[in-house]
Amino acid sequence: MAHSWWDLEGEFKPLHQINPLRLAFVEERAEGLAGKVTVDVGCGGGILAESMARLGAEVTGIDMGAEPLKVARLHAEQMGVKLDYRQITAEGLAEERPGQFDLVTCMEMLEHVPDPQSVIDACARLAKPGAPLVFSTLNRTPKAWLLAIFGAETVMRWLPRGTHEFQKFIKPGELMAMCDKAGLICEKAVGLSFNPLTGQFERSHKVDVNYLVACRKPA
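None of these values were measured; they are calculated from a predicted model. (Residues numbered from 1 in each chain as written. Predicted model: local features only at pLDDT ≥ 70, side-chain atom pairs only at ≥ 80, totals over all residues. Heavy atoms only, no water.)

Enquirer: Hey, could you go over the overall build of the chain for me, with residue numbers and the actual values?
Expert: Helix and strand counts for the chain come out as 7 helices and 8 strands. Sequence separation of at least 24 residues holds for 69% of the intrachain contacts in the chain that already meet a minimum separation of 6. Of the roughly 10000 Å² that the chain leaves accessible, carbon and sulfur atoms contribute 56%. (Helix = DSSP H or I, 4+ residues; strand = E, 2+ residues; numbered from the N terminus. Contact = heavy atoms within 4.5 Å. Areas by Shrake-Rupley, 256 points an atom, 1.4 Å probe, with all protein chains shown as cover.)

Enquirer: Tell me about the pairing of strand 3 (residues 84–87), residues and numbers included.
Expert: Strand direction decides the pairing type here: strand 2 (residues 58–63) and strand 3, joined by 4 bridges, are parallel. Residue Thr60 lies in a different strand from strand 3, and its bridge partner there is Asp84. Considered for its hand, the β-α-β crossover made up of strand 2, helix 3 (residues 66–79) and strand 3 is right-handed. (Pairing = 2+ DSSP bridges. Right-handed = clockwise from strand over helix to strand, strands pointing away.)

Enquirer: For the environment of Gly130, give the residues involved together with the corresponding values.
Expert: With respect to the element layout, Gly130 can be found in the loop between helix 5 (116–126) and strand 5 (132–138). A relative accessible area of 25% means that Gly130 is categorised as partly exposed. With 28 residues separating them along the chain, Gly130 and Asp102 place their C-alpha atoms 8.3 Å apart. Those residues within four positions of Gly130 in sequence are excluded, and the remaining contacts are Arg216, Lys217, Pro218 and Ala219. (Buried < 20%, exposed > 50% of the residue type's maximum accessible area, 1.4 Å probe, protein only.)

Enquirer: Describe the packing of helix 1 (residues 13–30) against helix 2 (residues 47–54), listing the residues and the values that go with them.
Expert: At a minimum axis distance of 10 Å, the contact between helix 1 and helix 2 shows a crossing angle of 45°. Put simply, helix 1 runs oblique to helix 2. For the pair helix 1 and helix 2, the crossing hand works out as right-handed. Where helix 1 abuts helix 2, its residues Leu15, His16, Asn19, Arg22, Leu23 and Val26 lie against Ile47, Leu48, Ser51 and Met52. (Axes fitted to C-alpha atoms, helices over the stretch in contact; angles between N-to-C directions. Parallel < 35°, antiparallel > 145°, perpendicular 65-115°, else oblique. Left-handed = near helix turned anticlockwise from the far one by under 90°.)

Enquirer: Please give an account of the state of the cysteines that cites residues and values.
Expert: Within this structure, the stated rule accounts for 0 disulfides. In this model Cys106 remains outside any disulfide bridge; the closest cysteine sulfur is found in Cys123, 4.7 Å from its own. Here Cys179 stays unpaired: no disulfide links it, and the sulfur of Cys215, its closest cysteine neighbor, is 3.6 Å away. (Disulfide = S-S within 2.5 Å.)

Enquirer: Can you explain the nonpolar core? Please cite residues and give values.
Expert: Judged by nonpolar contacts, the single largest core of 33 residues is most densely connected at Val41, Val104, Val119, Ile120, Phe135, Leu175 and Leu184. For this core, the element with the highest residue contribution is helix 5, accounting for 6 residues. Among the nonpolar cores identified, the runner-up in size contains 31 residues, and Val26, Leu33, Ile47 and Leu192 belong to it. (Core = buried A, V, L, I, M, F, W, Y, C linked by side-chain atoms within 4.5 Å.)

Enquirer: I'd like to hear about the sheet that holds strand 5, residue by residue, with values.
Expert: Strands sit in the order 3-2-1-4-5-8-6-7 across an open sheet of 8 strands; the sheet is mixed. Looking along the sheet, the strands with just one partner apiece sit at the ends: strand 3 and strand 7 (200–204). Across the sheet, the mean angle from the axis of one strand to that of its neighbour is 20°, orientation sign disregarded. In the sheet, strand 1 (residues 37–41) pairs with strand 2 via 5 bridges, with the strands oriented parallel.

Enquirer: Account for the pattern of salt bridges, naming residues and giving values.
Expert: Applying the stated criterion to the full structure yields 11 salt bridges. Arg86 is the salt-bridge partner of Glu96, the closest N and O atoms lying 2.8 Å from each other. Taken together, the residues Glu96 in helix 4 (residues 90–96) and Arg86 in strand 3 connect sequence positions 10 residues apart. When its relative accessible area of 45% is taken as the criterion, Glu96 is described as partly exposed. Take Arg86: its relative accessible area is 25%, and that puts it in the partly exposed class. A salt bridge links Asp208 to Lys143; its shortest N-O distance comes to 3.3 Å. Highlighted residues: Asp208 in the loop between strand 7 and strand 8 (210–216) and Lys143 in helix 6 (residues 142–155), separated in sequence by 65 residues. Take Asp208: its relative accessible area is 24%, and that puts it in the partly exposed class. Under the relative-accessibility criterion, Lys143 is labelled partly exposed at 38%. (Salt bridge = Lys/Arg side-chain N within 4 Å of Asp/Glu carboxyl O.)

This is the structure we're talking about:
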């Protein structure tokens, strides 16, 4: 799948569609990105990481997928965007650089890992005191199954079959409980809803499918 990360009409089209919404929310919570030392956990091919770097953030993107990271590095080089990509886990980076980041993001990753609590704990350790953190994932609802699995993987074929496992989707209350266990303060949750009339995603108060949660590490 690595070759298609930056194909706007390819398998990652939904990520490109929601990226401006995610970026705006992250910038809002960080009160601006210029000069912010940022880590994007589970950066994949670099869609969000590169967007944040374009707005002046000093970004480190981490992922365990070697091929997506190659694509991310190549695209950033071609676009003249400076950021650092590393093949390392959140837990590993937290051992190296605890409390060194002004902003931590982790998008569309928690529903793919065996232990989301461990990732959230590591993100909390990476953040400086008072720093914002933003997580996004999929709610475990029938509507999310219908849209994200049946719709996106089977009908629209935006994603390869098997990309998502419904039992790994995370309800907002569960995510907030994990953040609370990691010592984070949850401040805001917003949804991302697909508008079939416009063919675009929009920010919404409904969190029944895609949603983001903004937290802060206590000062």
